[in-house]
Amino acid sequence: MEMCSNRAGTMSLCRLLLRALREMFAFSPSLLKAIQIGHEYVHPPLREVATVGGESPELPQDILIDIFALLEIPDLVRAGSVCTSWHAAYISLRTSGMYRRPQTPCLLYTSASTDDNVACLYSLAEKRVYKLTLPEPPIRNRYLIGSSQGLLITADERSELHIVNPFTGEQMALPSVTTIEQVKPIFDDAGVLKQYEFSRYYGEEELAGPIIYDLENLRDQLYVKAFVFSDSSTGNYIVVLIHNPIDQLSFARAGDSRWTWLPPSAAYEDCIYMDGLLYAVTSTGGIDAFDLTGPTIVRTVIADNMKDFIYEHLYIVQTPSGELLQVWREQNVAVGDDADEDAPEHDHSEIMKETRRVMLYQIDMAAKELHEINSFHAHVLFLGLSQSLCLNAEEYPQLKGNHVYFTDDDHGFALWKSSCRDIGVFNLENDSMEEIVSPQSWCSLAAPIWITPRLTPMCLGLNK
């Protein structure tokens, strides 16, 4: 049978399918209980699951596949769990490579009301929460330091890094923290790793003497932000790490067993990978490019500092049409309502940061200049510890054009992890802010992070 000839017809079938789902749930309390609890939907990692009920009203498999291809991943997995024929269509769609639907970013976080190994996923498209069971070590005890390509980069209680796909449950260890240039292991007499020595230098300049940290405390001081980039020239992935001292860069290619340090520059805020080059923006608006593909790393200064000093958070992002932007995010620092503002010292939990302004600049690479953008109605931005993202608002009707969806990305994990998080939706037209979801139920240890769902198998080839 031919696939539907137009999108409107297929969307009508999609609505019919979803109505059928609701009707089956209404007539099958056991099925409803298995899939839905309150307003939350509970999954193990989103892998193939056994069907949970009897047979559904039959539709030809090619029609089901055509409908399923329009669903976002949470709905797709739910539909594939309904019955044998729908599960077969779901498997066929996944294995055929035909499922390429753009996914709306979701907010991933941990909550004190769930088990230690459960992550919560708030869907902006559906305005509902899912729960995902992740592999060990417990996700609630990890720091979330990056998200890109549908993958999380986490730091565990030994300060070691992992990549995990929360939607499939796949996980892979990254090269050991002890292979980062400034980190050395300290063993006891029995050869057991006990502590880390953290040296504070960049390039040839030493800022101060080394500091000794316990295994779980190094991550507070070392990690800033991490990225997973796809390298189309090799078909592999590159993991890039911004780390201290002074926000330096290290990276690992597929197959690497250790991190490669990129001296001598520092003070990097954000990265993007385009056309085989890594572009990194500094805290003063400068842009450096690195060619990571050859045996010798080449650094090129694309633009010098745009300001002598910038106190905003800086991001670099590519628009859907290919333009490169710098985004500057200003924050107010305030003390909680119950605290004494005249007190010489405050508990860190009393200190709050609030985004008050977001400024957009188009980067003129040839002139090495920034041009302010005053209208951004056709686009949506996502900022935070995830890879900075710019989407076409028309392609994501559930999102608000001319708005910035942001999460907390303060560099001081150790200082700010017990404070109120700076998370919300910022209106670029009137500089107003609204909450994403209320009440805010996330834990403060691991800052919530944006992630774009992905079901593709994780074949990074790292740390082998």
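All values reported here derive from a predicted model rather than from experimental measurement.

Participant: Looking at this model, I keep getting lost on the overall build of the protein chain. Mind explaining?
Facilitator: Scanning the protein chain from terminus to terminus reveals seven helices and 30 strands. The buried share of the protein chain, reckoned over its 464 residues, is 52%. Counting every atom, the protein chain has about 20500 Å² of accessible surface; 49% of that belongs to carbon and sulfur.

Participant: Can you help me understand the side chain of Ser123 in this one?
Facilitator: Position of Ser123 among the secondary structure elements: in strand 4 (residues 118-123). Here Ser123 falls in the buried class, since its relative accessible area comes to 4%. A polar contact of 3.4 Å, which involves the side chain of Ser123, links it to the backbone nitrogen of Ala125. Engagement of the side chain of Ser123 in a polar contact is seen with the backbone nitrogen of Glu126, the distance being 3.0 Å. Among residues more than four places away in sequence, those in contact with Ser123 are Cys106, Arg128 and Tyr130.

Participant: Please clarify how the pattern of salt bridges should be interpreted in this entry.
Facilitator: Once the charged atoms of two side chains with opposite charge are near each other, the side chains can pair. Here the structure, examined in full by the defined rule, presents twelve salt bridges. Across the pair Asp116 and Arg140 runs a salt bridge whose closest N-O atoms are separated by 3.2 Å. You can see Asp116 sitting in the loop between strand 3 (106-109) and strand 4 and its partner Arg140 sitting in the loop between strand 5 (128-133) and strand 6 (143-148), a full 24 residues away along the chain. Across the pair Glu434 and Lys400 runs a salt bridge, and its minimum N-O distance is 2.7 Å. Note that Glu434 is positioned in strand 29 (residues 432-434) and Lys400 in the loop between strand 26 (389-392) and strand 27 (403-406), a separation of 34 residues in sequence. Overall, the relative accessible area of 35% leaves Lys400 in the partly exposed class. Several salt bridges share partner residues, and in doing so they unite Asp75, Arg78, Glu126 and Arg128 into one network.

Participant: What is the right way to read the pairing of strand 20 (residues 298-303) from this model?
Facilitator: The two faces of the sheet receive side chains in turn, since in a regular strand these alternate between them. Where strand 19 (residues 287-291) and strand 20 come together, five bridges link them in antiparallel fashion. Bridged to Asp291 within strand 20 is Val298. As consecutive antiparallel partners, strand 19 and strand 20 are separated by six residues.

Participant: For this particular structure, what's the right way to read helix 3 (residues 61-68)?
Facilitator: The periodicity of an α-helix, 3.6 residues per turn, causes residues three or four positions apart to be oriented the same way. In terms of residue burial, helix 3 counts as a mostly covered element, since six of its eight residues are buried. Residues Ile63, Leu64, Ile65, Asp66, Ile67 and Phe68 constitute the buried set of helix 3.

Participant: Hey, could you run me through the sheet that holds strand 11 (residues 193-202) in this one?
Facilitator: By way of backbone hydrogen bonds, the strands of a sheet pair with one another, either parallel or antiparallel. Reading across the sheet, the three strands line up as 10-11-12 and stay open at both edges, with antiparallel pairing between neighbours. Looking at strand neighbours, the two that pair on one side only are strand 10 (183-187) and strand 12 (205-214), the edges of this open sheet. Within this sheet the neighbouring strands show an average axis-to-axis angle of 20°, counted without direction. Bridging between strand 10 and strand 11 involves five bridges; their strand directions are antiparallel. Its bridge partner lying in strand 11, Ile186 is registered against Gln195.

Participant: What exactly am I supposed to notice about the packing of aromatic side chains here?
Facilitator: A complete count under the given rule lists ten aromatic pairs for this structure. Note on Tyr268 and Phe290: the rings are 6.3 Å apart at their centroids and 75° apart in plane angle, and the pair reads as edge-to-face. With Tyr268 in strand 17 (residues 268-274) and Phe290 in strand 19, this residue pair connects regions lying 22 residues apart in the sequence. This pair shows no difference in class: Tyr268 is buried, exactly as Phe290 is. Judged by centre distance (4.6 Å) and plane angle (45°), the rings of Trp328 and Tyr361 are tilted. In this pair, Trp328 sits in strand 22 (residues 324-335) while Tyr361 sits in strand 23 (residues 351-364), placing the two residues 33 residues apart along the sequence. Grouped by ring-pair contacts, the aromatic residues Phe227, Phe229 and Tyr273 constitute a single cluster. The cationic tip of Arg219 hangs over the ring face of Tyr143; the distance from NZ or CZ to the ring centre is 4.0 Å.

Participant: What am I meant to see in the sheet that holds strand 28 (residues 424-427) here?
Facilitator: Strand order in the open sheet made by the five strands is 26-25-27-28-29, with mixed pairing throughout. Where the open sheet ends on each side, the last strands, each with one partner, are strand 26 and strand 29. The mean angle between the axes of side-by-side strands here comes to 25°, regardless of whether they run parallel or antiparallel. Taken together, the four bridges between strand 27 and strand 28 define a ladder with antiparallel strand orientation. Looking across to strand 28, one finds that His403 is bridged to Asn427.

Participant: Explain the side chain of Ser111 to me, please; I cannot follow it from the model alone.
Facilitator: With respect to the element layout, Ser111 can be found in the loop between strand 3 and strand 4. Looking at Ser111, its side chain comes within polar contact range of the side chain of Ser113, at 2.9 Å.

Participant: What's the story with the packing of helix 3 against helix 5 (residues 84-96) in this structure? I'm lost.
Facilitator: It is at 9 Å that the axes of helix 3 and helix 5 come closest, and there the two elements cross at 65°. Seen along the crossing, helix 3 lies across helix 5 with a hand that is right-handed. Here Gln61, Leu64, Ile65 and Phe68 of helix 3 lie close against helix 5, whose contacting residues are Ser85, Trp86, Ala88, Ala89, Tyr90, Ser92 and Leu93. Residue classes in the contact of helix 3 with helix 5 are distributed as eight nonpolar, three polar and no charged.

Thresholds applied
- Residues numbered from 1 in each chain as written.
- Predicted model: local features only at pLDDT ≥ 70, side-chain atom pairs only at ≥ 80, totals over all residues.
- Heavy atoms only, no water.
- Helix = DSSP H or I, 4+ residues; strand = E, 2+ residues; numbered from the N terminus.
- Buried < 20%, exposed > 50% of the residue type's maximum accessible area, 1.4 Å probe, protein only.
- Areas by Shrake-Rupley, 256 points an atom, 1.4 Å probe, with all protein chains shown as cover.
- Polar contact = N/O pair within 3.5 Å; in protein donor to acceptor, adjacent residues only side chain to side chain.
- Contact = heavy atoms within 4.5 Å.
- Salt bridge = Lys/Arg side-chain N within 4 Å of Asp/Glu carboxyl O.
- Pairing = 2+ DSSP bridges.
- Axes fitted to C-alpha atoms, helices over the stretch in contact; angles between N-to-C directions.
- Phe/Tyr/Trp six-rings, centres within 6.5 Å; stacked < 30°, edge-to-face > 60°.
- Lys NZ or Arg CZ within 6 Å of the ring centre and 35° of its normal.
- Left-handed = near helix turned anticlockwise from the far one by under 90°.
- Nonpolar A, V, L, I, M, F, W, Y, C, P; charged D, E, K, R; others polar.

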